[in-house]
Amino acid sequence: MIRLRDIMTRDVLTVHPDMTLRDAMELLAQQHVSGAPVVVGDKVVGVVSASDLLSFASSTPTVPTERAGEVETVEWEEPADWIEGEEAAGDFFLGQWSDAGADVSERFNEVSGPEWDLFAEHTVSEAMTRTLCALPSDTFVDAAADVMRAAGIHRVLVMDAGKLSGIATMTDIASAVADHKLTAKTYVFAPESKFPSRGWP
């Protein structure tokens, strides 16, 4: 049976906790991977995955909840016929929308604001999973698959003596299965044995 060291990726893509989520997403997309260990120096402090990024995005508001300055409340008045040059009746409702964030015109002027690029305003440390799932490199692949299935994860860190040796993913395991690496071979005779009789060499 093969072990994690036989299928793991040794050249592991890593990210730093202070990297912006935007930069981390671009790096993961460029390398065609769905997650990476988060490393400071030679210490693994977490893992960030596409699932972490989706969860962070879905739970984080993207539009400021306050306008700059005080919001003036307006008392309801019976609308009169609108006279050209005066304030339109619809302005009353716009004035009541005090919790909608900055004015649309302000948001168009500030396209670099957080409502336009949420991921550039936050770092990997805010979205990463801090609990590590790691196994030594001599772990049998089927045992690692059991651990990954039970934990509901798609990758496991391969660590020896507290140091990152590699990473093994479900894709690595699927490739090993497709290549028949997990199939045990049974020999009727030892592969090196010679047949002593019947004139066989």
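None of these values were measured; they are calculated from a predicted model. (Residues numbered from 1 in each chain as written. Predicted model: local features only at pLDDT ≥ 70, side-chain atom pairs only at ≥ 80, totals over all residues. Heavy atoms only, no water.)

S.K.: Which residues make up the pattern of salt bridges, and what values do they have?
M.R.: In total, this model carries 2 salt bridges according to the counting rule given. Among the ionic pairs, Asp146 bridges to Arg149, the shortest N-O distance being 3.2 Å. Of this pair, Asp146 and Arg149 both sit in helix 7 (residues 141-151), 3 residues apart, roughly one helical turn. Using a relative accessible area of 42% as the deciding quantity, one classes Asp146 as partly exposed. (Salt bridge = Lys/Arg side-chain N within 4 Å of Asp/Glu carboxyl O. Helix = DSSP H or I, 4+ residues; strand = E, 2+ residues; numbered from the N terminus. Buried < 20%, exposed > 50% of the residue type's maximum accessible area, 1.4 Å probe, protein only.)

S.K.: Explain helix 2 (residues 21-31) to me, using residue names and the numbers behind them.
M.R.: Taken residue by residue, helix 2 has Leu21, Ala24, Leu27 and Leu28 as its buried positions. Projection of helix 2 onto a plane perpendicular to its axis shows the buried side chains occupying an angular sector of 125 degrees, all on one side. If you follow the buried residues of helix 2, they end up packed against strand 1 (35-40), helix 3 (50-59) and helix 6 (124-127). (Arc of directions from axis to C-beta. Contact = heavy atoms within 4.5 Å.)

S.K.: Talk me through the pairing of strand 5 (residues 163-169); I want residue IDs and the actual numbers.
M.R.: The pairing of strand 4 (residues 155-160) with strand 5 spans 6 bridges and is antiparallel. Paired with Met159 across the two strands is Leu164, which belongs to strand 5. From the end of strand 4 to the start of strand 5, which pair antiparallel, there are 2 residues, and Ala161 there has a positive phi angle of about 55 degrees. (Pairing = 2+ DSSP bridges.)

S.K.: Help me get a handle on the sheet that holds strand 4, residues and values and all.
M.R.: Within a sheet, adjacent strands bond to each other through the backbone by hydrogen bonds, running parallel or antiparallel. Taken together, the 3 strands give an open sheet; going across it, the order is 3-4-5, and neighbouring strands pair in mixed fashion. The open sheet has two free edges, formed respectively by strand 3 (134-135) and strand 5, since each of these has just one partner strand. Pairing analysis gives 2 bridges linking strand 3 to strand 4, with the strands arranged parallel. Its bridge partner being in strand 4, Leu135 is matched across the sheet by Val158.

S.K.: Residue-level account of helix 3, with values.
M.R.: Among the residues making up helix 3, those that are buried are Asp52, Leu53 and Phe56. The buried residues of helix 3 occupy an angular sector of 100 degrees when projected down its axis, which confines them to one face. What points out from helix 3, more than 90 degrees from its buried face, is the exposed set Ser51, Leu54 and Ser58.

S.K.: Report on the side chain of Ser137, specifying residues and quantitative values.
M.R.: Looking at the secondary structure, you find Ser137 in the loop between strand 3 and helix 7. Residue classification places Ser137 among the buried residues on the basis of a relative accessible area of 12%. Setting aside chain neighbours within four positions, we find Ser137 in contact with Arg3, Leu4, Arg5, Val158, Met159 and Asp160.

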